[in-house]
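Residues per chain are reported as follows:
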Amino acid sequence: MRFVIGSKQTTKMVEKRLATTVYVAQDADPRLKNNIVQLCERAGVPITWSDTMKSLGETCGIEVGAAMAAVIPEIE
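Residues numbered from 1 in each chain as written. Predicted model: local features only at pLDDT ≥ 70, side-chain atom pairs only at ≥ 80, totals over all residues. Heavy atoms only, no water.

Spatially, four strands are ordered S1-S4-S2-S3 in an open sheet, and the strand pairing comes out mixed. Where the open sheet ends on each side, the last strands, each with one partner, are strand S1 (2-5) and strand S3 (47-50). Each strand axis lies, on average, 25 degrees off the axis of its neighbour in the sheet, ignoring direction. Across four bridges, the pairing between S1 and strand S4 (residues 68-72) is antiparallel. Counterpart to Ile 5 in the pairing with S4 is Ala 69. (Pairing = 2+ DSSP bridges. Helix = DSSP H or I, 4+ residues; strand = E, 2+ residues; numbered from the N terminus. Axes fitted to C-alpha atoms, helices over the stretch in contact; angles between N-to-C directions.)

What follows is the structure, encoded as structure tokens:
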């Protein structure tokens, strides 16, 4: 599984129809959350909620918090 981390990158992947799932942290900025949720609903991309930005960062293998991340297919 490959992650693209951050709101700009996640948004870009959803818009390009490359994201298969989007992870969003519950404690992320409400405006960022609302934007990505609406975008995912329009694009038909499932959202998985994470309790905190810290735990989402850990899930993605980084040492800082992440507001959101997109799962994209492995590039062969």
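Still more to cover.
Attention shifts here to the packing of helix H1 (residues 7-15) against helix H2 (residues 30-43). It is the contact of H1 with H2, at a shortest axis distance of 10 Å, that shows an interaxial angle of 15 degrees. In terms of their interaxial angle, H1 and H2 are classed as roughly parallel. Where H1 crosses over H2, the handedness of that crossing is left-handed. Between H1 and H2, the contacting residues are Ser 7, Thr 10, Thr 11, Val 14 and Glu 15 on the first element and Leu 32, Ile 36, Leu 39, Cys 40 and Ala 43 on the second. For the contact of H1 with H2, the per-class residue count stands at six nonpolar, three polar and one charged. (Parallel < 35°, antiparallel > 145°, perpendicular 65-115°, else oblique. Left-handed = near helix turned anticlockwise from the far one by under 90°. Contact = heavy atoms within 4.5 Å. Nonpolar A, V, L, I, M, F, W, Y, C, P; charged D, E, K, R; others polar.)

That's the geometry; what it means functionally is another story.
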